[in-house]
Amino acid sequence: MAKEISAWVATAVAVAVGIVITGSAWCLWAMVFPVIVSLGNNDDSEDEIQPIDKL
């Protein structure tokens, strides 16, 4: 979850800087990248409880 939030924050900052520098709203297309990353990381294995091996 923290990776997704940091990806959104980093992308939002980069888009804001890009809009200020270029003066164009085309930089908003960069907001698609976190969506692609979150769809690609749709692995639910982190949410599963892993069994503890007995010694």
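Residues numbered from 1 in each chain as written. Predicted model: local features only at pLDDT ≥ 70, side-chain atom pairs only at ≥ 80, totals over all residues. Heavy atoms only, no water.

## Here we look at the overall build of the protein chain
Here is step 1: For the protein chain, the count of helices and strands is two helices and zero strands.
Here is step 2: Residues classed as buried in the protein chain amount to 7% of the 55 residues present.
Here is step 3: Total accessible area on the protein chain is roughly 5,000 Å²; 68% of this is exposed by carbon and sulfur atoms. (Helix = DSSP H or I, 4+ residues; strand = E, 2+ residues; numbered from the N terminus. Buried < 20%, exposed > 50% of the residue type's maximum accessible area, 1.4 Å probe, protein only. Areas by Shrake-Rupley, 256 points an atom, 1.4 Å probe, with all protein chains shown as cover.)

## What about the environment of Glu-4?
Here is step 1: Structurally, the position occupied by Glu-4 is in helix α1 (residues 2-22).
Here is step 2: Once the C-alpha coordinates of Glu-4 and Val-37 are considered, the two residues, 33 residues apart in sequence, prove to be 8.1 Å apart.

## Some words on the packing of α1 against helix α2 (residues 32-40)
The axes of two packed helices give the description: the angle between them and the distance between them.
Here is step 1: At a minimum axis separation of 9 Å, α1 and α2 run at an interaxial angle of 165°. Our classification of the angle between α1 and α2 gives roughly antiparallel. At the point where α1 passes α2, the crossing takes the right-handed sense. Contacts from Glu-4, Ala-7, Trp-8 and Thr-11 of α1 reach α2 at Pro-34, Val-35 and Ser-38.
Here is step 2: A breakdown of the residues in the contact of α1 with α2 according to their chemical character gives four nonpolar, two polar and one charged. (Axes fitted to C-alpha atoms, helices over the stretch in contact; angles between N-to-C directions. Parallel < 35°, antiparallel > 145°, perpendicular 65-115°, else oblique. Left-handed = near helix turned anticlockwise from the far one by under 90°. Contact = heavy atoms within 4.5 Å. Nonpolar A, V, L, I, M, F, W, Y, C, P; charged D, E, K, R; others polar.)

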